[in-house]
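A closer look at the structure
Given next are the chains, with one letter for each unit.
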Amino acid sequence: MKFFIDTANLEQIKEAQDMGVLDGVTTNPSLMAKEGIKGQDNILKHYVDICNIVTGDVSAEVISTDFDGIIREGEALAELHPQIVVKVPMIKDGIKAIKYFSEKGIKTNCTLVFSAGQDLLAAKEGATYVSPFIGRLDDVSTDGLSLIEDIRIIYDNYGYETQILAASVRHPMHIIDCAKIGADVATCPLSAITALLKHPLTDSGLATFLADAKK
Ligand code: E4P
């Protein structure tokens with residue numbers, strides 16, 4: 001399973017990259033705003049800065065909601081850097097735009113996906129990635145992981161190549177469960193990735209080994 005980091009924070013992206021586990025980055029307008037990135041030029045430059053840190057795909061989200069606007073924005077984003085993936089919301093014009101981008105060879109990430117039907121549409125239109133938001137489903141008492149299970153079955157039934165990018169990941173168990181189900185990618189906060197390292201028996205075992213090594 002590929003690990004993406006879900007942030008626009010350059011320090012966190014560098015830290016995950018230095019760990020050697022990072023396969024890509026996802027951003028969204030809220031994550032960009034959180035880092036104080038404002039103005040079109042700064043936003044575009046920030047995407048390029050992220051691409052220069054990592055070797056994998058970097059999702060950059062359009063903010064237009066009409067077909068022409070999505071195409072205009074998406075083409076400009078795709079021209080920024082070969083690693084850019086155009087992130088498009090799951091709306092009618094978004095789906096149409098995903099088909100257009102797919103036919104032009106521009107990679108896409110269909111975002112804000114909350115149902116198996118939405119995932120099926122994104123795959124039919126040729127999305128490179130589809131982003132089911134499992135944490136936000138859990139937040140409203142709906143099992144996010146069962147959506148990942150449903151999509152895995154549907155995509156395998158028909159051999160869709162769209163990659164399941166589990167998004168809105170909140171904690172390490174989400175990552176482990178996504179890996180068990182067979183999600184292609186999990187995009188995670190750095191805290192969830194580093195939490196995978198932790199086990200008290202590792203800490204106590206290492207302390208004993210180091211103490212014994214001095215004897
Ligand atoms: C996905 O690409 C989104 O950026 C993200 O995973 C949303 O997560 P949140 O629900 O923690 O905002």
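Shown above is the structure to which this text applies.
For the structure given in this document, a descriptive report is provided here. (Residues numbered from 1 in each chain as written. Predicted model: local features only at pLDDT ≥ 70, side-chain atom pairs only at ≥ 80, totals over all residues. Heavy atoms only, no water.)

Next up on the list: the site of the ligand. Surveying the vicinity of the ligand reveals the residues Asp 6, Thr 26, Asn 28, Lys 87, Phe 133, Arg 136, Ala 167, Ser 168 and Arg 170. Between the ligand and Asp 6 there is a distance of 2.7 Å, counted from an oxygen atom to a side-chain nitrogen or oxygen. Between an oxygen atom of the ligand and a side-chain N or O atom of Ser 168, the distance comes to 2.7 Å. Considering only residue class, the shell around the ligand consists of two nonpolar, three polar and four charged. (Near = heavy atom within 4 Å. Polar contact = N/O pair within 3.5 Å; in protein donor to acceptor, adjacent residues only side chain to side chain. Nonpolar A, V, L, I, M, F, W, Y, C, P; charged D, E, K, R; others polar.)

Here we take up the sheet that holds strand 3 (residues 57-61). Judged by pairing direction, the barrel is parallel, and its eight strands sit side by side in the order 1-2-3-4-5-6-7-8 before closing back on the first. Shown here is a sheet whose adjacent strand axes are inclined to one another by a mean of 30°, direction ignored. As judged from the two bridges shared by strand 6 (residues 129-132) and strand 7 (residues 163-166), these two strands associate in the parallel manner. Each residue of the ladder has a partner; that of Val 130, found in strand 7, is Ile 164. Running at roughly 155° to strand 4 (residues 84-89), helix 5 (residues 92-104) makes contact with strand 4 and strand 5 (108-113) of the sheet. (Pairing = 2+ DSSP bridges. Helix = DSSP H or I, 4+ residues; strand = E, 2+ residues; numbered from the N terminus. Axes fitted to C-alpha atoms, helices over the stretch in contact; angles between N-to-C directions. Contact = heavy atoms within 4.5 Å.)

This part covers the state of the cysteines. Inspection of the entire model under this criterion finds zero disulfides. You can see Cys 51 has no disulfide; the closest cysteine sulfur is in Cys 188, sitting 19 Å from it. Counting only cysteine sulfurs, Cys 178 is the nearest neighbor of Cys 188, a cysteine outside any disulfide, at a range of 8.0 Å. Look at Cys 188 and you get buried, because its relative accessible area is 0%. (Disulfide = S-S within 2.5 Å. Buried < 20%, exposed > 50% of the residue type's maximum accessible area, 1.4 Å probe, protein only.)

Because each turn of an α-helix spans 3.6 residues, side chains separated by three or four positions in sequence point in the same direction. Residues of helix 6 (residues 116-124) that are buried: Asp 119, Ala 122 and Ala 123. Each buried residue of helix 6 lies within a common arc of 100° when the element is viewed along its axis, so the set occupies one face. Of the surrounding secondary structure, the elements contacted by the buried residues of helix 6 are helix 5, strand 5, strand 6 and helix 8 (144-158). Phi for Gly 126, located one or two positions after helix 6, is positive at around 90°. (Arc of directions from axis to C-beta.)

What follows is about the pattern of salt bridges. Taken as a whole, this structure holds 11 salt bridges when the rule is applied. With a closest N to O distance of 3.7 Å, Glu 103 and Lys 99 form a salt bridge. You can see Glu 103 and its partner Lys 99 sitting in helix 5, four residues apart, about one turn around the helix. Looking at Glu 103, the relative accessible area reads 62%, which means it is exposed. Taking the relative accessible area as the measure of exposure, Lys 99 reaches 39% and is therefore partly exposed. Counted as one network, the salt bridges with shared partners bring together Arg 152, Asp 156 and Asp 184. (Salt bridge = Lys/Arg side-chain N within 4 Å of Asp/Glu carboxyl O.)

Where nonpolar side chains cluster on the molecular surface, the patch consists of Met 173, Ile 176 and Leu 196 and spans about 240 Å² of accessible area. Counting through the fold element by element, Leu 196 comes out in the loop between helix 10 (190-195) and helix 11 (200-213). Residue classification places Leu 196 among the partly exposed residues on the basis of a relative accessible area of 34%. (Patch = residues over 30% accessible without salt bridge, like charges linked within 9 Å, V, L, I, M, F, W, Y side chains within 5 Å. Areas by Shrake-Rupley, 256 points an atom, 1.4 Å probe, with all protein chains shown as cover.)

All right, on to helix 3 (residues 40-53) then. Given a rise of 1.5 Å per residue, 14 residues ought to cover 20 Å, and the 20 Å separating the end C-alpha atoms of helix 3 matches this to within 8%. Within the sequence span of helix 3, burial applies to His 46, Tyr 47, Ile 50, Cys 51 and Ile 53. The buried residues of helix 3 all sit within an arc of 165° when viewed along its axis, so they share a single face. Facing away from the buried side of helix 3, by more than 90 degrees, are the exposed residues Asp 41, Lys 45 and Asn 52. Among the structural elements, helix 1 (10-19), strand 2 (24-26), helix 2 (29-34), strand 3, helix 4 (67-80) and strand 4 are those in contact with the buried residues of helix 3. (Expected span 1.5 Å × (residues − 1).)

Bringing the packing of helix 4 against helix 5 into the picture now. Packed helices, taken two at a time, are described by the angle between their axes plus the distance between the axes. Two elements in contact, helix 4 and helix 5, have axes separated by 9 Å at closest approach and are oriented at 40°. The orientation of helix 4 relative to helix 5 falls into the category oblique. As for how helix 4 packs across helix 5, the hand of that crossing is right-handed. Contact with helix 4, carried on its side by Phe 67, Ile 70, Ile 71, Gly 74 and Glu 75, involves Asp 93, Gly 94, Lys 96, Ala 97, Tyr 100, Phe 101 and Lys 104 of helix 5 and no other residues of that element. Grouping the amino acids of the contact of helix 4 with helix 5 by side-chain chemistry returns six nonpolar, two polar and four charged. (Parallel < 35°, antiparallel > 145°, perpendicular 65-115°, else oblique. Left-handed = near helix turned anticlockwise from the far one by under 90°.)

Function cannot be read off these values alone, since they describe shape.
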